[in-house]
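An overview of the molecular structure
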Amino acid sequence: VHVRLAAGWRSVSPEAAAGALLRSLTLREKAGLLSGAGWEGKRQLEGFHVGAVMGVPRAGLPSLNMHDAGQGFRTTDPRMVGQVTAFPSLLALAATFARPLARAYGAAVGREFRAKGANVMLGPQLNVQRVPRSGRAAESLSGEEPLLG
């Protein structure tokens, strides 16, 4: 994230820079950073990701475009079907303990998310699955493994 600060910003602490940025925002802009966008009731509006927070471009704050990532970019619009990759189960990936494979997997998912305009992935989870009926168990990077739990 690139935030525009006055000359001499390198000598300013992160707390002071954040305070200056906060003081430069209007009340409406601050409220917008605490509110979601792109939903009407339970219906996702066209052109928005699963989670969206509008940015403040004049202050250098980008929007947050969050999207589900269980096994790749989740399709939320019928027009996306056929345009996303169905990646293998993350539980299977974690079982390999292969760091190069995990890096390649992450890079591929990251490229797809960036290409679709998302800049935040909602998943995967790192969790020891104690309840086998969990709907997100296959999206987890760990199972019931003595070395992990």
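This is a predicted model, so every value here is computed, not measured. (Residues numbered from 1 in each chain as written. Predicted model: local features only at pLDDT ≥ 70, side-chain atom pairs only at ≥ 80, totals over all residues. Heavy atoms only, no water.)

**Quick look at the side chain of Gln44**
- Mapping Gln44 onto the fold places it in strand S2 (residues 43-44).
- You can call Gln44 buried: its relative accessible area is 17%.
- A distance of 2.6 Å separates a polar atom in the side chain of Gln44 from the backbone oxygen of Phe48.
- Here His49 takes part through its backbone oxygen, which lies 3.4 Å from a polar atom of the side chain of Gln44.
- Each residue touching Gln44, except ones within four places of it in the same chain, is listed here: Gly38, Trp39, His49, Val50 and Thr76. (Helix = DSSP H or I, 4+ residues; strand = E, 2+ residues; numbered from the N terminus. Buried < 20%, exposed > 50% of the residue type's maximum accessible area, 1.4 Å probe, protein only. Polar contact = N/O pair within 3.5 Å; in protein donor to acceptor, adjacent residues only side chain to side chain. Contact = heavy atoms within 4.5 Å.)

**Examining the pattern of salt bridges**
- Throughout the structure, instances matching the rule amount to three salt bridges.
- The residue Arg58 makes a salt bridge to Glu29 at a minimum N-O spacing of 2.7 Å. Placement of the pair is Arg58 in the loop between strand S3 (51-53) and strand S4 (64-68) and Glu29 in helix H2 (residues 27-33), with a sequence separation of 29 residues.
- A salt bridge links Asp68 to Arg74; the shortest N-O distance between them is 2.8 Å.
- Classification of Asp68 as buried rests on a relative accessible area of 12%. (Salt bridge = Lys/Arg side-chain N within 4 Å of Asp/Glu carboxyl O.)

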